[in-house]
Amino acid sequence: MTYSIDGQRLWDSLMAMAEIGPSPNGGSHRLALTEEDAAGRRLLIEWAEALGLSLRVDGVGNMFLRRAGQRDDLDPIAVGSHLDTQPKGGRFDGVLGVLAGLEALRTLDDHGVVTQRPLELVVWTNEEGSRFAPAMVASGTYAGAFSVDSTLARRDRDGVTLGEALAATGFEGDLPVGEPRLAGFLELHIEQGPVLEENHEAIGVVTGVQGMRWFDVTLRGQSSHAGPTPMSYRRDALAAAARLIDRLQAHALADDSGHTKVTCGTLEIDAPSRNVVPGEVRLTIDLRHIDEAELDALEARFEDELVAAGEAFGVAAQGERIWASPVVAFDDACIAAVEAAAKARGLSYRRMLSGAGHDAVYVSRVAPTSMIFIPCRDGISHNEAEYSSPEQCALGAQVLCDALIELADK
Ligand code: HGY
Ligand code: MN
Ligand code: MN
Ligand code: MN
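Going along each chain's sequence as written, the residues are numbered from 1 onward. Both sets of labels track the order of writing: A upward for chains, 1 upward for ligands. The model is predicted, so local features are restricted to residues of pLDDT at least 70 and side-chain atom pairs to those at 80 or more, both for listing and for counting; the totals for chains, interfaces and linings are taken over all residues. Calculation of side-chain values draws on the structure's entire complement of heavy atoms; hydrogens and water are dropped beforehand.

- The name an unreviewed UniProt entry gives the protein chain is N-carbamoyl-L-amino-acid hydrolase, with Franzmannia pantelleriensis as the organism.

## Re the domain arrangement of the protein chain
Then, number 1: The domain boundaries assigned to the protein chain delineate domain 1 (7-209 + 327-409) and domain 2 (211-325).
Then, number 2: Domain extents, as shown, originate in an automatic or database domain assignment. Distance between the C-alpha centres of domain 1 and domain 2: 33 Å.
Then, number 3: Contact residues are listed per partner, giving 16 residues for domain 1 and 13 residues for domain 2.
Then, number 4: A buried area of about 970 Å², summed over both sides, lies between domain 1 and domain 2, and 61% of it is on carbon and sulfur atoms.
Then, number 5: By convention, the term buried area covers the 1.4 Å-probe accessible surface removed from two parts as they join, with the contributions of both added. Of all residues in domain 1, the largest losses of buried area upon contact with domain 2 belong to Pro134, Arg157 and Val327, amounting jointly to 41% of the total for that side.
Then, number 6: Any Lys or Arg side-chain nitrogen found within 4 Å of a carboxyl oxygen on Asp or Glu counts as a salt bridge. Here domain 1 and domain 2 share 0 salt bridges between them.
Then, number 7: Three classes are used, and their members are as follows: Ala, Val, Leu, Ile, Met, Phe, Trp, Tyr, Cys and Pro are nonpolar, Asp, Glu, Lys and Arg are charged, and the others, Gly among them, are polar. Here the side of domain 1 that touches domain 2 is composed, by residue class, of 11 nonpolar, 3 polar and 2 charged. Residues count as neighbours in contact if any of their non-hydrogen atoms are within 4.5 Å of one another.

## Description of the packing of helix H8 (residues 237-253) against helix H9 (residues 292-313)
When two helices pack together, their arrangement is captured by the angle between the axes and the distance separating the axes.
Then, number 1: Orientation is described by lines fitted to C-alpha atoms, with helices fitted over the stretch in contact, and by angles between N-to-C directions that extend from 0 to 180 degrees. Only DSSP runs of H or I reaching four residues or more are called helices, and only runs of E reaching two or more are called strands; each is numbered from the N terminus. It is at 9 Å that the axes of H8 and H9 come closest, and there the two elements cross at 145°. In the crossing of H8 with H9, the sense of the turn from one axis to the other is right-handed. Facing H8, whose interface residues are Ala239, Ala240, Arg243, Leu244, Arg247, Leu248 and His251, H9 presents Leu298, Arg301, Phe302, Glu305, Leu306, Ala309, Ala312 and Phe313.
Then, number 2: Each residue belonging to the contact of H8 with H9 can be placed in one class, and the counts come to 10 nonpolar, 1 polar and 4 charged. In this scheme the handedness of a crossing depends on how the near helix is turned from the far one: anticlockwise by less than a right angle means left-handed, clockwise means right-handed.

## Observations regarding the UniProt feature "binding site: Zn(2+) 2" (unreviewed entry) in the protein chain
Then, number 1: UniProt positions are given in the numbering used here, feature names are shortened, and annotations may be inferred rather than shown by experiment. UniProt's entry tags Asp93, Glu128 and His382 with the feature "binding site: Zn(2+) 2" (unreviewed entry), counted in the numbering of this structure. In terms of the greatest pairwise C-alpha distance, the residues named above, spread along 290 residues, form a tight cluster of at most 9.7 Å across.
Then, number 2: Its place among the elements puts Asp93 in the loop between strand E3 (77-81) and helix H3 (95-110).
Then, number 3: Accessible area is worked out with a 1.4 Å probe on protein chains only. A residue is then buried under 20% of its type maximum, exposed over 50%, and partly exposed in between. Given a relative accessible area of 4%, Asp93 falls into the buried group.
Then, number 4: Setting aside residues up to four positions removed in sequence, Asp93 forms contacts with His82, Glu128, His189, Ile190, Gln192, Ser381, His382 and Glu386.
Then, number 5: Take His382: it is sitting in the loop between strand E15 (369-374) and helix H12 (390-408).
Then, number 6: With a relative accessible area of 43%, His382 lands in the partly exposed category.
Then, number 7: If sequence neighbours within four positions are ignored, His382 has contacts with Gln86, Lys88, Asp93, Glu128 and Gln192.

What follows is the structure in structure tokens.
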């Protein structure tokens with residue numbers, strides 16, 4: 001049995017959440033465990049408690065909002081995602097998965113439906129990895145990939161630890177991390193790329209996630225005067241950084257398959273000044289590929305180019321890998337439930353891998369998991385202009401609701 005979700009109610013909730021921590025140009029700014037993030041969490045809790053859901057928070061701030069089932073002895077099926085955003089993020093990344101999950105539970109409530117299994121609406125802490133590295137660290141801790149202590153000790157750029165931020169926002173919970181055990185997890189998310197829109201498909205049935213690796217790079221040359229210092233005397237750290245980035249870009253762009261992804265998302269010059277040759281530069285590198293062996297080769301290429309860039313400019317070049325998330329394949333039964341739901345609704349869909357990381361990556365280590373994508377305009381995300389239409393959001397939520405019922409009554 002399936003039930004029609006209320007697309008307008010979902011849209012109204014999305015727009016109400018977007019009022020919290022708005023960014024200057026119509027996006028969202030709710031960095032993990034800041035007051036804006038906490039306000040968003042509290043709004044969700046208010047909506048969830050109005051629905052009779054009961055809240056539990058674990059030791060790294062993951063929120064579990066539970067709906068009783070007919071058989072509460074059974075492990076629950078969970079839906080959810082994250083509420084934290086990039087510094088200039090969009091109004092749908094993460095939020096859609098949380099609020100579409102709420103909409104599914106609201107729909108069940110409208111029809112007085114109690115599923116066999118209990119249900120959990122989940123908000124994972126710090127998915128974006130923008131404030132605390134790495135991304136998905138709290139769902140990773142839930143799945144046992146990181147220790148609780150190491151996660152609580154992670155520091156942001158101002159030196160604040162994740163544990164301190166939990167205490168400051170009141171979201172340090174006493175639910176042991178790793179509980180509850182889940183019988184399944186479904187995450188709805190915008191695609192954050194152009195494939196569905198370009199192919200005029202309504203739904204992405206996500207079969208897995210590409211591999212990701214993060215590196216911190218420090219380049220140390222010598223600051224010197226921009227005027228009298230001959231070019232041949234210089235040890236310009238920024239010139240070395242530019243060489244590294246340019247060579248990695250050229251390597252990725254030369255890959256006809258399009259599967260090689262390279263990003264330098266942060267770059268800091270120590271004591272920047274227009275008439276000082278940069279002495280020290282710190283940057284980050286994000287490598288991704290759908291194939292683990294290719295990712296190994298890409299990492300080796302990065303290491304070679306780092307050495308070459310340092311030698312070319314007489315700069316000490318140091319790179320440290322701080323995170324690796326292997327290629328992930330989701331659960332066949334969960335994938336089938338999503339595909340069946342899309343088919344039953346007569347929706348166009350494709351099976352596809354996710355280019356972005358999601359909490360489902362780690363949850364899939366400990367529970368059968370899959371994801372549902374909807375298109376986003378021009379494939380743009382991690383950008384204030386991020387947008388999916390009310391109709392697209394409603395179709396995604398409908399597939400989520402149908403697949404959830406399918407799994408929760410098994
Ligand atoms: O990095 C990612 O892919 C995700 O948005 N955290
Ligand atoms: Mn996301
Ligand atoms: Mn994101
Ligand atoms: Mn001077």
